[in-house]
Amino acid sequence: MEKKKIFLIGEDSINAELRSLLEGKAEFSAKLDDSIDIIIDTLNAQAGLKLSNIQFIDEHCPSSIPVFTSSICVPVSELCAVSTYPKRLIGIGLYNTFSRSKLLEIAPSKITDENLLQNAESFLSSIGIPFTKVPDRAG
């Protein structure tokens, strides 16, 4: 199976944990372009900066790339309001030490594109990360 190419943006400590967890299972890119398979925004605090991250992602890659965005502090529905491509946003419960939990939570919005959601779910399954869908709300 070909490794998925991932672009990480957000909190350095969570990004480092993701890199460690996915070592050998995924390829990481420092450049955001149309060769990326999955984008993961790990920022939790600072709503203004989080909105800027989503806008940056929208400006630099096509709408066909799913975006996991940590929704601990800001629900996905709030981010959808500022995104050019809101149908690709999927909330994910990322926090320091998330890799020690037994189950990762993902929270699609009411408008998340089903095909992009399936791509994102397939990615998590292919790398062996158990997950469950939860309602879209902060926390």
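As the structure is a computational prediction, the values presented were derived from the model and not from experiment.

Colleague: Looking at this structure, how should I read the nonpolar core?
Modeller: Within soluble globular proteins, side chains that are nonpolar tend to cluster in buried spots. By size, the foremost hydrophobic cluster in this structure holds 21 residues, and its most contacted members are Ile6, Leu22, Ile40, Phe68, Leu94 and Phe123. Contributing elements (two or more residues each) for this core: strand E1 (4-9), helix H1 (12-21), strand E3 (38-41), strand E5 (89-92), strand E6 (104-108) and helix H4 (114-126). Top element by residues in this core is H4. It accounts for 4 residues. Listed in part, the 15 residues of the second largest apolar core include Phe7, Leu32, Val67 and Val74.

Colleague: I keep staring at the side chain of serine 29 and nothing clicks. Help me out?
Modeller: Within the secondary structure, serine 29 sits in strand E2 (residues 26-29). Of the polar contacts made by the side chain of serine 29, one reaches the backbone oxygen of lysine 31; its length is 2.8 Å.

Colleague: Even after reading the chapter, I still don't get the sheet that holds E5, so can you show me in this structure?
Modeller: Strand pairing within a sheet occurs via backbone hydrogen bonds; the two strands may be parallel or antiparallel. With respect to topology, 7 strands assemble into an open sheet ordered E2-E1-E3-E4-E5-E6-E7, the strand pairing being mixed. Every interior strand has two partners, whereas the edge strands, E2 and strand E7 (131-133), have only one. Pairwise comparison of adjacent strand axes, ignoring direction, gives a mean angle of 30° for this sheet. Across 4 bridges, the pairing between E1 and E2 is parallel. Bridging from a neighbouring strand, lysine 5 pairs with glutamate 27 of E2.

Colleague: Is there a simple way to explain the packing of aromatic side chains in this structure?
Modeller: The geometry of two aromatic rings is summed up by the distance between their centres and the angle between their planes. Scanning the entire structure with this criterion turns up 0 aromatic pairs. One cation-aromatic arrangement involves arginine 19 over phenylalanine 28; the distance from NZ or CZ to the ring centre is 4.8 Å.

Colleague: Can you walk me through the side chain of threonine 42 in this structure?
Modeller: Here threonine 42 lies in the loop between E3 and helix H2 (47-60). Among the polar contacts made by the side chain of threonine 42, one reaches the side chain of asparagine 15 at a distance of 2.7 Å. The contact partners of threonine 42, leaving out residues within four places of it in the chain, are Ile9, Gly10, Glu11, Ile14, Asn15, Leu18, Ser70 and Leu94.

Colleague: What exactly am I supposed to notice about the environment of isoleucine 6 here?
Modeller: Inspection of the secondary structure puts isoleucine 6 in strand E1. Note: C-alpha distance between isoleucine 6 and alanine 30 (24 residues apart in sequence) is 8.9 Å.

Colleague: Can you help me understand the pattern of salt bridges in this one?
Modeller: Any two side chains of opposite charge can pair, so long as their charged atoms come close to each other. This model, assessed by the stated rule, comprises 3 salt bridges. Between lysine 50 and aspartate 41 there is a salt bridge, with its nearest N and O atoms 2.7 Å apart. Given the relative accessible area of 0%, lysine 50 is considered buried. A salt bridge links lysine 133 to glutamate 121; the shortest N-O distance between them is 3.2 Å. Of this pair, lysine 133 sits in strand E7 while glutamate 121 sits in helix H4; the two residues are 12 residues apart in sequence, bridging distant segments of the chain.

Here is what the cut-offs are and how they apply
All chains use their own residue numbering, which begins from 1 and follows the written sequence. Residues qualify for local features only when their pLDDT is at least 70, as the model is predicted, and side-chain atom pairs are given and counted only at 80 or more; totals for whole chains, interfaces and linings, by contrast, use all residues. Just so you know, side-chain values use all the structure's heavy atoms and leave hydrogens and water out. What is meant by a nonpolar core is a set of buried Ala, Val, Leu, Ile, Met, Phe, Trp, Tyr and Cys residues, joined one to another through side-chain atoms within 4.5 Å. Accessibility here uses a 1.4 Å probe with only protein chains present; expressed as a share of the type maximum, an area under 20% marks a residue as buried, one over 50% as exposed, and anything in between as partly exposed. Think of it this way: any DSSP run of H or I at least four residues long counts as a helix, any run of E at least two long counts as a strand, and we number them from the N terminus. Counting of polar contacts relies on pairs of N or O atoms within 3.5 Å, with two restrictions inside protein: one atom must be capable of donating a hydrogen and the other of accepting it, and residues adjacent in sequence are counted only when both atoms are side-chain atoms. Pairing between strands requires that DSSP locate at least two bridges from one strand to the other. Think of each axis as a best-fit line through the C-alpha atoms, taken over the contacting stretch in the case of a helix, with angles from 0 to 180 degrees between the N-to-C directions. When the centres of two rings from Phe, Tyr and Trp lie within 6.5 Å, Trp using its six-membered ring, the rings pair. Their planes under 30 degrees apart give stacked, over 60 give edge-to-face, and anything left gives tilted. Placement of a positive charge over a ring is assigned whenever Lys NZ or Arg CZ falls within 6 Å of the ring centre and within 35 degrees of the normal to the ring plane. Contacts are residue-level and defined by heavy atoms, with any inter-residue pair within 4.5 Å sufficient. Salt-bridge detection follows one rule: a side-chain nitrogen of Lys or Arg within 4 Å of a carboxyl oxygen of Asp or Glu.

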